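Fold and contact review
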Amino acid sequence: MNTALAEATEQLQFDAREKPNVPVRHMEFNFDSANLDDRFYEGTELASAYFEALSIFLTYGEDLVIDTARYHRQFVKDPELKRLVTVLIGQEAIHSKMHNEFNDVLAEHRFPVTFYRFLADRVFEYGFKRLSNRMQLSLMAGIEHFTAVLSEYMMKNEAVFYTTDDEKQRALWMWHMLEESEHKDIAFDVFQELSGDYALRMRGFALAAFTILVLVPLGGSLIPLIRKPTNLISPRYWKDVRRSLALIAGPKKGVWGSTLGHIIDYTRRDFHPQDHDTSAYLEYYKAKLLHPDTGLLTPFMTREFSPGLRG
């Protein structure tokens, strides 16, 4: 953790009763195919492929969150929570749009985007979208838990964004990280208000875990071989595999290996996303990313607004 972030963590006194404003931000990254770094994550091929597969999945996962949140918003009684559901829908809609544009650029670099979109569409259209509304609500909360875990990991490991010169890809993931952390409790709070069924919550968690920790890694593992079949017999590639596995699943610094405790914490009956307080990180990254003159995201943000209360 760098000095500025450490100081912010120490100084900020978070009052859980006063939630910070969560706006909807419109972004335009205008991704440039010529400057795409296909090894942006720590200079690796396989670990980067995991995030590229995740980017394709996210567009479908976010669309599921949008549809589920929109359907259940009508049943939410608390006016502020209903307003926050609108925020969630807005943020996720722009996430989906921006990742789709990024994925189009990946397709220009021989990534199997069209094929993976076909597979993801089948999984969601004939699988997740045929679940009951109650189960979709639970799955939404489960997916949002995993994006919250990933966001917190990234916030605590800022250096992972600066091993690449691809500024737009860096901005995409840091923006996404910021907003996933901002809205990490909204889906969970909706589930608790409308259901609160612990067994149902665990079923949604299990399905989300299978998707994020099994299906997406499986898709990511095939990308380097699809793009370059000779990787299968390349010593250099298998060296990359060992390093990539440590970066994704390693118990000390791995994205998912080192966050296993946070992941499993969701199984506590009295769990709440705000048990993992990221407010100091949010303050630090808002200052770093959104400063009107020096913010990393400032050149790409076209509009910011906060939805009002709904009747």
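Residues numbered from 1 in each chain as written. Predicted model: local features only at pLDDT ≥ 70, side-chain atom pairs only at ≥ 80, totals over all residues. Heavy atoms only, no water.

**Overview of the overall build of the protein**
Keep this limit in mind: By definition, any uninterrupted DSSP run of H or I lasting at least four residues is a helix, any uninterrupted run of E lasting at least two residues is a strand, and each is numbered from the N terminus. It is over C-alpha atoms that the radius of gyration is taken, and the globule rule equals 2.2 Å times the number of residues to the power 0.38.
Within the protein one finds 11 helices and two strands. In the protein, the order of α-helices and β-strands from amino to carboxyl end is α-β-α-α-α-α-α-α-α-α-α-α-β. Expected size for 311 residues packed as a compact globule is a radius of gyration near 19 Å; at 19 Å, the protein falls within 12% of this value. A principal-axis box enclosing the C-alpha atoms of the protein has dimensions of 60 × 45 × 35 Å.

**With respect to the nonpolar core**
The condition that has to hold: We call a set of buried residues a nonpolar core when its members are Ala, Val, Leu, Ile, Met, Phe, Trp, Tyr or Cys and they connect through side-chain atoms within 4.5 Å of each other. Classification of residues uses two cut-offs on accessible area relative to the type maximum, computed with a 1.4 Å probe and protein chains only: under 20% is buried, over 50% is exposed, and between them is partly exposed.
Membership of the largest hydrophobic core comes to 90 residues, with the highest contact counts inside it found for Phe29, Tyr41, Phe51, Leu54, Trp173, Trp256 and Tyr285. For this core, the leading source of residues is helix H2 (residues 46-73), giving 14 residues.

**Comments concerning the confidence of the model for the protein**
Rule in force here: pLDDT runs from 0 to 100 and stands for how confident the predictor is about each residue. Contacts are residue-level and defined by heavy atoms, with any inter-residue pair within 4.5 Å sufficient.
Per-residue pLDDT for the protein has a mean of 93; in total, 93% of the residues score no lower than 70. Confidence drops under a pLDDT of 50 for residues 8-17, and excluding neighbours within four residues, the segment shows 11 contacts in the predicted structure.

**Focus: the packing of H2 against helix H3 (residues 79-107)**
Which entries qualify depends on this criterion: Whenever a helix is involved, its axis is fitted only over the stretch in contact; in every case the axis is a line through C-alpha atoms, and angles between N-to-C directions fall within 0 to 180 degrees. We call two directions roughly parallel when the angle between them is under 35 degrees, roughly antiparallel when it is over 145, roughly perpendicular when it lies between 65 and 115, and oblique otherwise. Note on convention: near helix rotated counterclockwise from far helix by under a right angle means a left-handed crossing. Clockwise means right-handed. Only Asp, Glu, Lys and Arg are considered charged in this grouping, and only Ala, Val, Leu, Ile, Met, Phe, Trp, Tyr, Cys and Pro are considered nonpolar; every other residue, Gly among them, is considered polar.
Where H2 contacts H3, the two axes come as close as 8 Å, and the packing angle between them is 155°. Of the possible angle classes, the one that applies to H2 and H3 is roughly antiparallel. For the pair H2 and H3, the sense of crossing is left-handed. Grouping the amino acids of the contact of H2 with H3 by side-chain chemistry returns 11 nonpolar, eight polar and seven charged.

**Some thoughts on the environment of Asp67**
Along the chain, Asp67 falls in helix H2. Its relative accessible area of 40% is what places Asp67 among the partly exposed residues. For the pair formed by Asp67 and Tyr162, sequence separation is 95 residues and the distance between their alpha carbons is 35 Å.

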